[in-house]
Amino acid sequence: GAVVSQHPSRVICKSGTSVKIECRSLDFQATTMFWYRQFPKQSLMLMATSNEGSKATYEQGVEKDKFLINHASLTLSTLTVTSAHPEDSSFYICSARDTTNEKLFFGSGTQLSVL
Amino acid sequence: SQQGEEDPQALSIQEGENATMNCSYKTSINNLQWYRQNSGRGLVHLILIRSNEREKHSGRLRVTLDTSKKSSSLLITASRAADTASYFCATAVTSGYSTLTFGKGTMLLVSP
């Protein structure tokens, strides 16, 4: 089946640093990728929709300058958490939509801990 | 905003028993999907049911959809310890799999 690789799986950083998370579709092209945030024992909250070659669409309440999204190719989207603070600590998950069949596949998630 | 609401929030059963989880939603949908998430991992798609379908089966999974009540149920028969995970329903207002709204999830614990 289709595979979405998300890296890193876990990152611990100091407050004020920036963290980049990568989401790659390994065996299919993904025009659209989605970034979610999940707090412990909570549901997934859509943060933004990433479209290849154009600007991402952010959900209400999500700071564009805080969470930078780049989708430069059909197989890669990146989420950069800029100037991370402890309240940004969370589990971030990406998903990618297969262009050929519209199916969604999820990455394994990134646990971000900001000290 | 939250669309799906699952209940129960947590469910603990013995291996071999059936597990039933429910999901309610608020707006009209095109389809409803169920996903599974192991602790600290991504989501795995289990099954999709369209708004014009009432029931769907996949292996030990049985999903029902009642659009008049805006609710769905996921039944896992003959549960196994490996079924221990969180289960989420997600709704899509348009066709295809794009832009899903997830419910809060049910944590299922299956004891050997």
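These lines cover the structure that appears in this document, whether it is placed above or below. (Residues numbered from 1 in each chain as written. Chains lettered and ligands numbered in written order. Predicted model: local features only at pLDDT ≥ 70, side-chain atom pairs only at ≥ 80, totals over all residues. Heavy atoms only, no water.)

1. Considering the state of the cysteines
Under the defined criterion, the tally for this structure stands at two disulfides over all chains. Note that C23 of chain A is cross-linked by a disulfide to C94 of chain A, the S-S spacing being 2.0 Å. Taking the sign of the S-S torsion, about 80 degrees here, the bridge from C23 of chain A to C94 of chain A comes out right-handed. Within this pair, whereas C23 of chain A is found in strand β3 (residues 19-25), its partner C94 of chain A is found in strand β9 (residues 90-97), the two being separated by 71 residues in sequence. A relative accessible area of 0% places C23 of chain A in the buried class. The disulfide partner of C23 of chain B is C89 of chain B, and the gap between their sulfur atoms is 2.0 Å. One disulfide, between C23 of chain B and C89 of chain B, carries an S-S torsion of 65 degrees and so falls in the right-handed class. On the criterion of sequence distance, the pair formed by C23 of chain B in strand β3 (residues 19-24) and C89 of chain B in strand β9 (residues 85-92) is long-range, its members being 66 residues apart. Under the relative-accessibility criterion, C23 of chain B is labelled buried at 1%. Residue C89 of chain B is classed as buried on the basis of its relative accessible area of 0%. (Disulfide = S-S within 2.5 Å. Helix = DSSP H or I, 4+ residues; strand = E, 2+ residues; numbered from the N terminus. Buried < 20%, exposed > 50% of the residue type's maximum accessible area, 1.4 Å probe, protein only.)

2. Things to note about the interface of chain B and chain A
The interface is formed by 16 residues belonging to chain B together with 18 residues belonging to chain A. For the pairing of chain B and chain A, the buried interface totals around 1400 Å² over both sides, and the portion due to carbon and sulfur atoms is 64%. Between chain B and chain A we count zero salt bridges in total. Taken together, the residues of the side of chain B that touches chain A break down into seven nonpolar, seven polar and two charged. (Contact = heavy atoms within 4.5 Å. Buried area = accessible area lost by both parts, 1.4 Å probe. Salt bridge = Lys/Arg side-chain N within 4 Å of Asp/Glu carboxyl O. Nonpolar A, V, L, I, M, F, W, Y, C, P; charged D, E, K, R; others polar.)

3. Structural notes on the sheet that holds strand β1 (residues 5-7) of chain B
Residue and element names in this part refer to chain B. Strand order across the open sheet formed by five strands is β1-β3-β8-β7-β6, with antiparallel pairing between neighbours. Because the sheet does not close on itself, it has two edges, and the strands there are β1 and β6 (55-58). Going from strand to strand, the sheet's axes swing by 15 degrees on average, the running direction of each strand aside. In this sheet, strand β8 (residues 71-76) lies alongside strand β7 (residues 61-66) in antiparallel orientation, the contact comprising six bridges. In the strand pairing of β8, R62 is matched with L75. (Pairing = 2+ DSSP bridges. Axes fitted to C-alpha atoms, helices over the stretch in contact; angles between N-to-C directions.)

4. Quick notes on the nonpolar core
One broad rule of soluble globular proteins: the nonpolar side chains tend to lie buried together. All names here are of chain A. Counting residues in each nonpolar core, the largest one holds 25 residues, and the members touching the most others are W35, Y58, F67, I69, L79, Y92 and L112. Counting only elements with at least two residues in this core, the list comes to β2 (10-13), β3, β4 (32-38), β5 (44-51), β7 (67-73), β8 (76-81), β9 and β11 (110-114). Apart from the residues lying within four places of it in its own chain, the contact partners of L79 are V19, K20, I21, W35, F67, L68, I69 and Y92. (Core = buried A, V, L, I, M, F, W, Y, C linked by side-chain atoms within 4.5 Å.)

5. Points about the packing of aromatic side chains
Counted according to the given criterion, the structure contains seven aromatic pairs over all chains. Ring centres 5.9 Å apart and planes at 35 degrees place the aromatic pair Y36 of chain A and F106 of chain A in the tilted group. Placement of the pair is Y36 of chain A in strand β4 and F106 of chain A in strand β10 (residues 104-106), with a sequence separation of 70 residues. Assigned by exposure class, Y36 of chain A and F106 of chain A land together as buried. Through pairs of rings, three or more aromatic residues link up here, namely Y36 and F106 of chain A together with Y35 and F102 of chain B. (Phe/Tyr/Trp six-rings, centres within 6.5 Å; stacked < 30°, edge-to-face > 60°.)

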